[in-house]
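Residue-level structure breakdown
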Amino acid sequence: MSKNEHAVPTHFIRQIIERDLAADKNGGRVHTRFPPEPNGYLHIGHAKSICLNFGLARDYPGGVCNLRFDDTNPHKENEDYVNAIKHDVRWLGFDWEDRLFYASDYFEKLYGFAVELIQAGKAYVCDLTPEQIREYRGTLTEPGRESPYRNRSVEENLELFKRIRAGEFEDGSRVLRARIDMASPNMNMRDPTLYRIRHGVIHHQTGEEWCIYPMYDFTHPISDALEGITHSLCTLEFEDHRPLYDWVLDNISIDCHPQQIEFSRLNLEYTVMSKRKLTQLVDEGVTSGWDDPRMPTIAGLRRRGYTPASIRTFCDRVGVTKSANSVEMGMLEACIREDLDQNARRALAVLDPLKVVIENYPGEQVEMLDAPYHPKDGEMGSRQIPFTRELYIDRADFREEANRKYKRLVSGGEVRLRNAYVIKCENVIKDEQGEILELRCSYDPATLGANPEGRKVRGVIHWASASRGVKAEVRIYDRLFQHPAPDADKSVESFLAHLNPDSLHVVQAIVEPSLTSAVEGDRFQFEREGYFCVDPESRPEHLVFNRTVTLRDSWAKIEKQS
RNA sequence: UGGGGCGUCGCCAAGCGGCUAGGCACCUGGUUUUGAUCCAGGCAUACGUAGGUUCGAAUCCUACCGCCCCAGCCA
């Protein structure tokens with residue numbers, strides 16, 4: 001944990017836990033779990049859940065948190081997702097130690113509890129088709145009707161369930177259902193399905209051992225109880241499932257009854273958070289993969305340059321409540337800026353190069369200028385930057401003429417080159433179309449590490465040596481969508497209609513040579529531009545940087561006003 | 001027109017009957033060889049609405065309004 005992270009504010013779940021602790025409810029234990037289904041990559045919403053569950057375990061004496069894969073639907077799951085999820089949780093900074101579990105570990109026990117339910121007359125084998133089950137379920141305003149198979153004898157149910165497990169029946173032909181209340185105002189209590197038949201799928205953990213798979217509503221409470229979970233935290237859409245969670249545990253012989261508590265999921269503006277939609281973005285090639293730096297996945301944020309600490313800080317700041325929310329991107333960006341401002345080395349990189357020739361600087365001369373890695377943290381040391389007769393500056397840092405507000409280089413004007421000399425623009429060379437080709441400048445040798453005498457130079461711009469600088473590919477990312485809530489807009493056929501066509505720009509930059517040794521994962525502030533990280537595809541002979549986030553830019557605001 | 005939730009500043013969010021925490025964003029100034037950072041200051045006398053209880057209500061009560069979730073053999 002970094003120094004930036006301090007005591008987090010309380011929230012309603014902590015209050016519940018503290019009340020339980022005070023009442024010695026679970027023998028003083030706090031035991032949570034993070035239970036992802038391995039059917040996709042984790043996203044920032046999962047990060048909130050991870051920080052919550054593992055954070056609680058960390059903050060209470062003796063607290064522990066399990067990692068459990070909710071792998072009851074083999075159709076959509078695979079081992080690659082399991083590995084990616086483990087990697088992401090660890091990367092975020094959390095440790096499940098020896099508590100790695102799979103719901104599939106409990107298939108045999110689960111089967112036993114299902115038999116118990118049948119023996120108690122609380123579950124039955126139903127032969128209705130999926131369509132019929134839906135019809136019999138009724139609607140939100142009308143009660144359902146009881147299945148004609150609802151009153152089968154215990155013996156018949158037991159026999160049938162055994163034969164189902166033995167593989168005698170086809171997919172979809174029968175299910176095991178809980179026998180609760182077809183007239184319940186809560187849809188989840190209208191004899192929910194407990195088991196379905198699935199032949200021919202190879203489960204990533206259990207292979208072909210089973211042809212029946214338990215449903216979430218049956219599996220989850222039992223898995224929690226088997227692991228001795230005290231507080232089972234999930235998102236709001238499961239609120240209606242809580243009566244069923246409790247019903248399952250109340251009707252089987254198990255001596256642990258965790259408390260399910262629901263909180264609202266995280267929503268971020270200008271992106272989507274549902275696994276279905278993220279999968280679609282990947283499958284349709286809209287993004288380069290789950291780790292595309294524009295994705296709100298942990299892998300995407302990592303590749304974008306976000307640090308684990310910045311994501312943890314973000315999760316702490318958004319808090320835990322039951323109210324619907326849509327958090328601004330600015331909140332996330334502030335967290336990474338805060339981290340990187342303090343911890344990232346500075347470097348000079350020119351993203352849109354314009355050649356500058358210093359006419360009074362000797363052609364063959366190369367001066368190595370010392371430049372601190374950080375303006376405030378001297379302990380980070382410094383590097384040498386070559387200064388030569390031909391340089392590059394950014395096109396945006398020169399204007400032939402401009403008003404007083406513009407503090408950069410203008411014709412006949414002076415500007416400070418960062419960590420180097422003050423230069424003056426003597427001449428502007430253009431082509432026939434009037435396009436500026438290069439600038440002819442002079443430098444003042446007396447201005448290295450010193451202010452010029454008798455005049456004030458207001459601007460400072462970054463630069464790179466033309467001969468010693470290094471080419472680099474820089475990927476400039478913007479938000480993936482143009483709409484703050486792409487999946488909430490019902491007026492379009494698909495959320496894809498809101499894709500931002502300009503979410504990625506690739507530019508060829510000239511960067512200072514010290515960056516040649518940068519390796520995957522290194523993060524820098526390119527001064528006056530933003531924070532950048534080295535992409536996994538980067539090689540010493542072909543550097544690739546991703547822009548994590550821009551710097552705050554008050555100049556852009558000033559310019560916008562005029 | 002069933003059930004379950006939620007409504008405090010542009011966005012998050014504290015608050016749990018006694019002067020509306022805080023963060024992000026935004027606005028002013030100052031410092032600055034990054035128009036960054038940093039520092040100082042500003043930013044809710046209608047807490048969804050209307051009634052009520054109370055000396056006192058965002059907090060308690062009543063009614064209403066708005067938004068979200070639920071009719072998978074998904075999780």
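Structure: see above.
Residues numbered from 1 in each chain as written. Chains lettered and ligands numbered in written order. Predicted model: local features only at pLDDT ≥ 70, side-chain atom pairs only at ≥ 80, totals over all residues. Heavy atoms only, no water.

The next thing to look at is the protein's contact with RNA strand B. Around RNA strand B sit 69 residues, and of these Thr-72, Asp-240, Arg-346, Arg-418 and Gln-525 come closest. Atoms of RNA strand B within 4 Å of the protein belong to the sugar or the phosphate in 64% of instances, the rest to bases. Between RNA strand B and Ser-326 there is a distance of 2.9 Å, counted from a phosphate oxygen to a backbone nitrogen or oxygen. Looking at the surface near RNA strand B, the elements with two or more residues in it are helix 5 (130-137), strand 6 (193-197), helix 11 (308-318), helix 12 (329-343) and helix 13 (554-561). (Near = heavy atom within 4 Å. Polar contact = N/O pair within 3.5 Å; in protein donor to acceptor, adjacent residues only side chain to side chain. Helix = DSSP H or I, 4+ residues; strand = E, 2+ residues; numbered from the N terminus.)

Now for helix 4 (residues 107-119). Counting along an α-helix, one turn takes 3.6 residues, and residues three or four places apart therefore face a common direction. Under the 1.5 Å per step criterion, the end-to-end length of helix 4 is 18 Å for 13 residues, consistent within 8% with the ideal 18 Å. Turning to helix 4, its buried residues are Phe-107, Leu-110, Tyr-111, Phe-113, Ala-114, Val-115, Leu-117 and Ile-118. Gly-121, located one to two residues past helix 4, shows a positive phi value of around 70 degrees. (Expected span 1.5 Å × (residues − 1). Buried < 20%, exposed > 50% of the residue type's maximum accessible area, 1.4 Å probe, protein only.)

Attention now goes to the sheet that holds strand 1 (residues 31-34). The three strands lie next to each other as 1-2-3, forming an open sheet whose pairing is parallel. The strands lining the two open edges of the sheet, one partner per strand, are strand 1 and strand 3 (100-102). Within the sheet, the average angular offset between the axes of one strand and its neighbour, ignoring direction, is 35 degrees. Pairing of strand 2 (residues 64-69) with strand 3, which is carried by three bridges, proceeds in the parallel orientation. Within strand 3, the residue paired with Arg-68 across the bridge is Phe-101. Each of strand 1, strand 2 and strand 3 touches helix 3 (residues 79-91); the most contacted strand, strand 2, lies at about 160 degrees to it. (Pairing = 2+ DSSP bridges. Axes fitted to C-alpha atoms, helices over the stretch in contact; angles between N-to-C directions. Contact = heavy atoms within 4.5 Å.)

This paragraph deals with the side chain of Arg-475. By the secondary structure assignment, Arg-475 is in strand 23 (residues 470-477). Excluding residues within four positions of it along the chain, Arg-475 makes contact with Arg-303, Leu-504, His-505, Val-506, Asp-535, Glu-537, Val-544, Phe-545, Asn-546 and Arg-547.

What follows is about the packing of helix 4 against helix 7 (residues 216-226). Relative orientation of the contacting elements helix 4 and helix 7 amounts to 115 degrees, with a least axis distance of 11 Å. Classified by the angle between their axes, helix 4 and helix 7 sit roughly perpendicular to one another. Handedness of the helix 4/helix 7 crossing: right-handed. In this structure, helix 4 uses Lys-109, Leu-110, Phe-113, Ala-114 and Leu-117 to contact helix 7, whose residues at the interface are Phe-218, Thr-219, Ile-222 and Leu-226. Here the residues of the contact of helix 4 with helix 7 sort into seven nonpolar, one polar and one charged. (Parallel < 35°, antiparallel > 145°, perpendicular 65-115°, else oblique. Left-handed = near helix turned anticlockwise from the far one by under 90°. Nonpolar A, V, L, I, M, F, W, Y, C, P; charged D, E, K, R; others polar.)

What follows covers the sheet that holds strand 19 (residues 422-430). Pairing within the open sheet is mixed, and its seven strands lie in the order 21-18-19-20-12-15-22. Two strands in the sheet have a free side with no partner beyond their single neighbour: strand 21 (460-461) and strand 22 (463-465). Alignment of strand 18 (residues 414-417) against strand 21, held across two bridges, turns out to be parallel. Counterpart to Leu-417 in the pairing with strand 21 is Ile-461.

Right, let's get into the pattern of salt bridges. Summed over all chains, the structure comprises 39 salt bridges. With a closest N to O distance of 2.8 Å, Arg-174 and Asp-127 form a salt bridge. Of the two residues, Arg-174 sits in the loop between helix 6 (154-165) and strand 5 (175-178) while Asp-127 sits in the loop between strand 4 (123-126) and helix 5, which places them 47 residues apart along the sequence. Looking at Arg-174, the relative accessible area reads 17%, which means it is buried. Between Asp-535 and Arg-475 there is a salt bridge whose closest N-O contact spans 3.5 Å. With Asp-535 in the loop between strand 26 (530-534) and strand 27 (543-550) and Arg-475 in strand 23, the pair connects residues that are 60 residues apart, well separated along the chain. Given the relative accessible area of 0%, Asp-535 is considered buried. Arg-475 sits in the buried class, given a relative accessible area of 12%. Connected through salt bridges with shared partners, the residues Asp-291, Arg-303, Glu-473, Arg-475, Asp-535 and Glu-537 form a single ionic network. (Salt bridge = Lys/Arg side-chain N within 4 Å of Asp/Glu carboxyl O.)

This part takes up the environment of Tyr-406. Take Tyr-406: it is sitting in the loop between strand 16 (398-399) and strand 17 (409-410). Through-space distance from the C-alpha of Tyr-406 to that of Trp-555 is 8.9 Å; in sequence the pair is 149 residues apart. Filtering out sequence-adjacent residues up to four positions away, Tyr-406 remains in contact with Ala-396, Asp-397, Phe-398, Arg-399, Arg-458 and Trp-555. Engagement of the side chain of Tyr-406 in a polar contact is seen with the backbone oxygen of Ala-396, the distance being 2.8 Å. A distance of 3.5 Å separates a polar atom in the side chain of Tyr-406 from the backbone oxygen of Asp-397.

Before going further, it helps to examine the pairing of strand 8 (residues 231-235). Within strand 8, five of the five residues are buried, leaving the element largely enclosed by the surrounding structure. Side chains His-231, Leu-233 and Thr-235 project from strand 8 onto one buried face, and the interleaved Ser-232 and Cys-234 project onto a second face that is buried too. Of the pairings in the sheet, the one linking strand 8 to strand 9 (residues 259-263) comprises five bridges and is parallel in character. By the bridge assignment for strand 9, Thr-235 is matched with Phe-263.

Tallying each qualifying case throughout the model produces 23 aromatic pairs. Look at Phe-107 and Tyr-213: their rings are 5.7 Å apart centre to centre, the planes differ by 75 degrees, and that puts the pair in the edge-to-face class. On the criterion of sequence distance, the pair formed by Phe-107 in helix 4 and Tyr-213 in strand 7 (residues 212-214) is long-range, its members being 106 residues apart. On the basis of relative accessible area, Tyr-213 is assigned to the buried category, the value being 0%. Arranged with centres 5.2 Å apart and planes meeting at 75 degrees, the rings of Phe-526 and Phe-545 form a pair that is edge-to-face. (Phe/Tyr/Trp six-rings, centres within 6.5 Å; stacked < 30°, edge-to-face > 60°.)

The subject of this paragraph is the packing of helix 4 against helix 6. Put simply, helix 4 and helix 6 touch, their axes get as near as 9 Å, and they point 160 degrees apart. As the angle between them shows, helix 4 and helix 6 are arranged roughly antiparallel. In this structure, helix 4 meets helix 6 at a crossing whose hand is right-handed. Between helix 4 and helix 6, the contacting residues are Glu-108, Tyr-111, Ala-114, Val-115, Ile-118 and Gln-119 on the first element and Val-154, Asn-157, Leu-158, Phe-161, Lys-162 and Arg-165 on the second. Residues belonging to the contact of helix 4 with helix 6 are distributed by class as follows: seven nonpolar, two polar and three charged.

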